[in-house]
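# Notes for the structure review
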Amino acid sequence: MADLEVYKNLSPEKVERCMSVMQSGTQMIKLKRGSKGLVRLFYLDEHRTRLRWRPSRKSEKAKILIDSIYKVTEGRQSEIFHRQAEGNFDPSCCFTIYHGNHMESLDLITSNPEEARTWITGLKYLMAGISDEDSLTFEEADKNGDGLLNIEEIHQLMHKLNVNLPRRKVRQMFQEADTDENQGTLTFEEFCVFYKMMSLRRDLYLLLLSYSDKKDHLTVEELAQFLKVEQKMNNVTTDYCLDIIKKFEVSEENKLKNVLGIEGFTNFMRSPACDIFNPLHHEVYQDMDQPLCNYYIASSHNTYLTGDQLLSQSKVDMYARVLQEGCRCVEVDCWDGPDGEPVVHHGYTLTSKILFRDVVETINKHAFVKNEFPVILSIENHCSIQQQRKIAQYLKGIFRDKLDLSSVDTGECKQLPSPQSLKGKILVKGKKLPYHLGDDAEEGEVSDEDSADEIEDECKFKLHYNNGTTEHQVESFIRKKLESLLRESQIRDKEDPDSFTVRALLKATHEGLNAHLKQSPDVKESGKKSHGRSLMTNFGKHKKTTKSRSKSYSTDDEEDTQQNPGKEGGQLYRLGRRRKTMKLCRELSDLVVYTNSVAAQDIVDDGTTGNVLSFSETRAHQVVQQKSEQFMIYNQKQLTRIYPSAYRIDSSNFNPLPYWNAGCQLVALNYQSEGRMMQLNRAKFKTNGNCGYVLKPQQMCKGTFNPFSGDPLPANPKKQLILKVISGQQLPKPPDSMFGDRGEIIDPFVEVEIIGLPVDCCKDQTRVVDDNGFNPVWEETLTFTVHMPEIALVRFLVWDHDPIGRDFVGQRTVTFSSLVPGYRHVYLEGLTEASIFVHITINEIYGKNRQLQGLKGLFNKNPRHSSSENNSHYVRKRSIGDRILRRTASAPAKGRKKSKMGFQEMVEIKDSVSEATRDQDGVLRRTTRSLQARPVSMPIDRNLLGALSLPLSETAKDIEGKENSLDSSFCRPTEQMEISKT
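These numbers come from a predicted model, not from an experiment. (Residues numbered from 1 in each chain as written. Predicted model: local features only at pLDDT ≥ 70, side-chain atom pairs only at ≥ 80, totals over all residues. Heavy atoms only, no water.)

## Examining the overall build of the chain
Each helix and strand in the chain was counted, giving 27 helices and 39 strands. Sorting the 982 residues of the chain into buried and exposed places 57% on the buried side. The long-range share in the chain, meaning contacts at least 24 apart out of those at least 6 apart in sequence, stands at 72%. Split by element, the accessible area of the chain, about 42300 Å² in all, is 49% carbon and sulfur. (Helix = DSSP H or I, 4+ residues; strand = E, 2+ residues; numbered from the N terminus. Buried < 20%, exposed > 50% of the residue type's maximum accessible area, 1.4 Å probe, protein only. Contact = heavy atoms within 4.5 Å. Areas by Shrake-Rupley, 256 points an atom, 1.4 Å probe, with all protein chains shown as cover.)

Below you can see the structure in the form of structure tokens.
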């Protein structure tokens, strides 16, 4: 966080003063929704890692991890503060702590401004990652609190740090560090010496010796040679090397001699300057003057939700969060609210409602804090004409000149404007009145075929609360419905199939329903007539015949008009079937300029631009499978938005890669749901300054290619990635290991995955190192060939091998184009110190080189282009071990086959002894290395690890020929596109 950098320069005296006040505790008022506030004593724990308070019914659970804090804001900025009357509290005494995956807010009020300032400063200092590692480790190890560590406390510390050194070696280092008169114990200063001895990086020490002519330090000239030869740095000057020595060297004697010792060299190698991610890509470096359709755009689905799609809270703070994370397309679902005020929520569900006005004000405040590139506001309009006019009024009144696009230069005729020309602008994505109505028409009918209504009319369920209806009956109904939905749904987060369980959802259902029923006055009015409430129940079968669908519409026309006053228009006829329409007012229509929402049936290839085609992932999957090249051509002129299937009631995410591979710009994900897919999304958009816009490869912007081909770009050179996995540092125990915290030291191994075009998808892994999470050494080389590096991602995963399977430790995903050659550290996402040390070499290769298939070099046939029929989900009976294991993110247990991702290739294995296979994700899985542990000292036969050129037979299936009509490409006349929620 760049805004926290200033806190790294605080004086030690100020830091200690803040820490002392925070650890002593401060009485503050804790504001809660719907209550007057509670007086509590808030304090920082002794290790400075947790914020606690008392009294609390939660007892030990009343805490917030410092690592989980997203941001700290001053004054009355949160939603809860806004609900309080002006003048109730002094703004200088107020601050809010946002924490957790769902951006929960803790709103606090101190008795005076000085206390608030102390806490804000101290918390931001801790958030900046400033901690005395030695001091923290010493405090944790000092069990009896006497300020000294004996040998047994040291042994316990070693076990906690995941270090399994021989006791003789530990005692030897202990004795070398124990130099004072009080033999048998270590003071803090002596412990620092011991810790440095234990932490000495043998790999870095040998690297230093290789460039220092066997000395224990590097001169300026030797450092420059290392940077040029190994790190591939250009323009390395003497002044730059002297700056490195000045900044990272700890010995004053070495600084005077202008040399870099082992501690300084270690500090430099572990700094951001030697991270695997190119530091230049932290800034915008791509051409931002191309049309919008030439960029991938970071997009959010149901932005307002904090959790699942049925029961979770809607919060305006979610808009602030995703915008500050770099998202540039947010979604607003608008519905008629009380008192003529439109509200935002997920229709036909028990999700809470927030005012549309508050959403717009929040977007206006945070849209351009991090960068000035345009924000797309995806309006899902379910309102009556009267409240539509209120929506238009708020948009124009709050956004003002941000909506004025009259001065935007579009360059060539019929071309979308560029992100550069739209800086500081907000684009409204929504319906637009047809041109034939004329400018004097105040309202008109528009197609609602691509509505993100997500509830098909025949699936809407009306639940009546009669006098005899009980809360238990309501909950029982929802329980049964959710269980049915889960049985029907086969869509899951492909790398973490156990991340969502029936028990977890039902627990959320129970809690959310209780909260809703307590807050809903309608439910409590049992003495009145039965009150109808629509619940989301459209998770039934999506594939309906045209005949049955038309019949349903004709039956429910009158009822639908009553339930949805904004959709008063009825039906239009097109190609022999009825079409859903809705009423749209002129004021809202005129705000839509370059982002007109259209259905596939309405597309006419007349050369116009400014249309946004919306697909659910299910329909988009079919289009990508059947018309991938034609879809890519369409995306060269227009925008396409892909949103999650209605079956994802748990707010899980689909795999965005297939749609990025087809050139789709707006692939909308549930930002509130952590997991593999959001990790890929973050990695995709972290490059180019995390501005939310990433330039598509030139081959996708002009011309076309078959993304399913075994050699999609034969005329272009390929990239060869030679990745040497050297060592790991401070790898923690898995947070949810099936063995729990029983004291086992982890047995780590590293898996590297290439994610991109199907032909590039591949995995390989190192061997296992037994009983060492502190400093395991692998020294293994993995080699990959990448056909289109511009869209490829490189994913590093660390696993703990156990007798039954494996447990996820951590991951880091980086775009291939952001990799930096040389010796680099890969810091695991969300873990402060955990990293793996690698060496990266990237070569250009020509010809038909294939991925290294294993030591035997057996041949795989080229992948075939699979159809939607043969790409059905494969269900495999799980073993008992698979049922027991609860994985924490990333990949399945050892031996478990994974269900298929979006679109994948079917790969034939030439014979049963082939060393390379593709798992059900279409990922090439190498099986050349077993997970049998091997001593670190065993030499590696590097001759076996060299790249092999494997001649493969060309059997790629030709894709279907192009058709003239885009309408027929994307949606057959007799098919109804799935109506799902964007």
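## Regarding the side chain of Ser835
Mapped onto the secondary structure, Ser835 falls in strand S35 (residues 835-845). Among the polar contacts made by the side chain of Ser835, one reaches the side chain of Gln729 at a distance of 2.7 Å. In contact with Ser835, not counting residues within four places along its chain, are Arg270, Gly728, Gln729, Leu731, His825, Val826, Tyr827 and Leu828. (Polar contact = N/O pair within 3.5 Å; in protein donor to acceptor, adjacent residues only side chain to side chain.)

## Section: the sheet that holds strand S28 (residues 718-729)
A sheet is described by the order of its strands in space; here four strands give the open sequence S31-S28-S35-S34, paired in antiparallel fashion. Each having just a single partner strand, strand S31 (777-786) and strand S34 (822-827) make up the two edges of the open sheet. Put simply, the sheet's adjacent strands are angled 30 degrees from each other on average, direction ignored. By the bridge criterion, six bridges tie S34 to S35 in an arrangement that is antiparallel. Counterpart to Gly822 in the pairing with S35 is Ile840. (Pairing = 2+ DSSP bridges. Axes fitted to C-alpha atoms, helices over the stretch in contact; angles between N-to-C directions.)

## Some details on the pattern of salt bridges
Scanning the model with the defined rule gives 28 salt bridges in all. Bridged by salt links that share partners, the residues Arg389, Glu443, Lys583 and Glu587 form one connected network. (Salt bridge = Lys/Arg side-chain N within 4 Å of Asp/Glu carboxyl O.)

## Section: the nonpolar core
Formed by 76 residues in total, the largest nonpolar core has its most connected members in Val332, Phe356, Ile363, Leu377, Leu395 and Phe399. Of all the elements, helix H15 (residues 385-399) adds the most residues to this core, at seven residues. Split by domain, the residues of this core number at least three in each of domain 4 (292-455 + 583-700) and domain 5 (718-845). Those residues in contact with Leu377 that sit more than four places away from it in its chain are Val330, Val332, Ile363, Leu395, Phe399, Ile426, Leu427, Val428 and Lys429. (Core = buried A, V, L, I, M, F, W, Y, C linked by side-chain atoms within 4.5 Å. Domains from an automatic or database assignment.)

## Brief notes about the sheet that holds strand S5 (residues 69-74)
Strand pairing within a sheet occurs via backbone hydrogen bonds; the two strands may be parallel or antiparallel. The seven strands are arranged S4-S3-S2-S1-S7-S6-S5 in an open sheet whose pairing can be described as antiparallel. Pairing within the sheet leaves two strands with one partner each, and these edge strands are strand S4 (63-65) and S5. Across this sheet, the average inter-strand angle for adjacent strands is 30 degrees, counted without regard to direction. Where strand S2 (residues 38-44) and strand S3 (residues 50-54) come together, four bridges link them in antiparallel fashion. Considered in S3, the bridge of Phe42 is made with Trp53. Of the strands in this sheet, strand S1 (26-31), S2, S3, S5 and strand S6 (94-99) are in contact with helix H3 (residues 113-127), which crosses S5 at around 155 degrees.

## Examining the environment of Glu190
By the secondary structure assignment, Glu190 is in helix H7 (residues 188-199). For the pair Glu190 and Leu149, spaced 41 residues apart in sequence, the C-alpha separation works out to 9.6 Å. Glu190 has contacts with Ala177, Asp178, Thr179, Asp180 and Thr185, leaving out every residue within four places of it along the chain. Among the polar contacts made by the side chain of Glu190, one reaches the main-chain amide nitrogen of Thr179 at a distance of 3.1 Å.

## Quick word on the packing of aromatic side chains
Counted under the stated rule, the structure contains 16 aromatic pairs. With a centroid separation of 6.4 Å and 65 degrees between ring planes, the pair formed by Tyr296 and Trp660 is classed as edge-to-face. Taken together, the residues Tyr296 in strand S12 (residues 295-300) and Trp660 in helix H23 (residues 657-661) connect sequence positions 364 residues apart. By the burial criterion, Tyr296 is buried, and Trp660 matches it. Seen from their ring centres, Tyr823 and Phe837 are 5.8 Å apart, and the 25 degrees between their planes marks the pair as stacked. On the criterion of sequence distance, the pair formed by Tyr823 in strand S34 and Phe837 in strand S35 is long-range, its members being 14 residues apart. Since its relative accessible area comes to 16%, Tyr823 is described here as buried. Owing to a relative accessible area of 1%, Phe837 belongs among the buried residues under this scheme. Across the ring face of Phe837, the terminal group of Arg201 is positioned such that the distance to the ring centre comes to 5.1 Å. For Lys686, the ring lying beneath its charged end belongs to Phe277, and the centroid distance is 5.0 Å. (Phe/Tyr/Trp six-rings, centres within 6.5 Å; stacked < 30°, edge-to-face > 60°. Lys NZ or Arg CZ within 6 Å of the ring centre and 35° of its normal.)

## A closer look at the confidence of the model for the chain
Confidence in the prediction of the chain, expressed as mean pLDDT, is 75, and 68% of residues score 70 or more. A low-confidence stretch, residues 453-465 (pLDDT under 50), is modelled with 65 contacts involving residues beyond four sequence positions or located in other chains. A low-confidence stretch, residues 927-982 (pLDDT under 50), is modelled with 168 contacts involving residues beyond four sequence positions or located in other chains. (pLDDT = per-residue confidence, 0-100.)

## So, the packing of helix H14 (residues 356-366) against H15
Packing of H14 against H15 leaves a shortest axis separation of 10 Å and a crossing angle of 25 degrees. If you check the angle between H14 and H15, you find them roughly parallel. For the pair H14 and H15, the crossing hand works out as right-handed. Touching Phe356, Arg357, Val360, Glu361, Ile363 and Asn364 of H14 are Ile391, Tyr394, Leu395, Ile398 and Phe399, all from H15. A breakdown of the residues in the contact of H14 with H15 according to their chemical character gives eight nonpolar, one polar and two charged. (Parallel < 35°, antiparallel > 145°, perpendicular 65-115°, else oblique. Left-handed = near helix turned anticlockwise from the far one by under 90°. Nonpolar A, V, L, I, M, F, W, Y, C, P; charged D, E, K, R; others polar.)

## Here we look at the UniProt feature "domain: EF-hand" (unreviewed entry) in the chain
Those places that UniProt annotates as "domain: EF-hand" (unreviewed entry) correspond, in this numbering, to residues 138-164 and 165-201. Counting secondary structure, residues 165-201 comes out at 62% helix and 5% strand; the distance between its end C-alpha atoms is 15 Å. (UniProt positions renumbered as here; feature names shortened; annotations may be inferred.)

## Details of the pairing of S1
In summary, the side chains of a regular strand alternate between the two faces of the sheet. In the sheet, S1 pairs with S2 via five bridges, with the strands oriented antiparallel. Within S2, the position partnered with Ile29 by the bridge is Val39. Bridging between S1 and strand S7 (residues 104-109) involves three bridges; their strand directions are antiparallel. Residue pairing for S7: Leu31 is matched across the bridge by Asp107.

## Points about the environment of Cys327
Here Cys327 lies in the loop between helix H13 (317-324) and strand S13 (329-335). Along the backbone, Cys327 and Tyr671 are 344 residues apart, and their C-alpha atoms lie at a distance of 9.2 Å. Here Cys327 is in contact with Ala298, Ser299, Ser300, Val322 and Tyr671, once residues within four sequence places are set aside.

## Let's talk about the packing of H13 against H14
Following both chains from N to C, one finds H13 and H14 inclined at 25 degrees, their axes separated by 9 Å at the closest point. The angle between H13 and H14 places the two elements in the roughly parallel class. Crossing of H13 against H14: the hand is right-handed. In this structure, H13 uses Tyr319, Ala320, Leu323 and Gln324 to contact H14, whose residues at the interface are Val359, Thr362, Ile363 and His366.

## Overview of H3
Its 15 residues place the ends of H3 21 Å apart at the C-alpha level, agreeing with the 21 Å of an ideal helix rising 1.5 Å per residue. Taken as a whole, H3 has its buried residues at Ala116, Thr118, Trp119, Ile120, Thr121, Gly122, Leu123, Lys124, Tyr125, Leu126 and Met127. Buried residues along H3 sit in contact with helix H1 (12-24), S1, S2, S3, S5 and S6. One side-chain oxygen of the residue at the start of H3 lies 3.1 Å from the amide nitrogen of Glu114, identifying that residue as Asn112. (Expected span 1.5 Å × (residues − 1).)

## Thoughts on the environment of Lys763
Relative to the helices and strands, Lys763 resides in strand S30 (residues 762-765). For the pair Lys763 and Val794, spaced 31 residues apart in sequence, the C-alpha to C-alpha distance is 9.9 Å.

## A few points about unusual backbone geometry
Cis peptide bonds are those with omega within 30 degrees of zero, and the linkage from Arg54 to Pro55 qualifies with -5 degrees. Considering the arrangement of structural elements, one finds Pro55 in the loop between S3 and S4. For Tyr348, which is not glycine, the phi dihedral falls at a positive 65 degrees. Checked against the element boundaries, Tyr348 lands in the loop between strand S14 (343-344) and strand S15 (354-355). Of note in the backbone geometry, Ser651 takes a positive phi value of approximately 65 degrees without being a glycine. In this structure, Ser651 sits in the loop between strand S25 (639-643) and H23.

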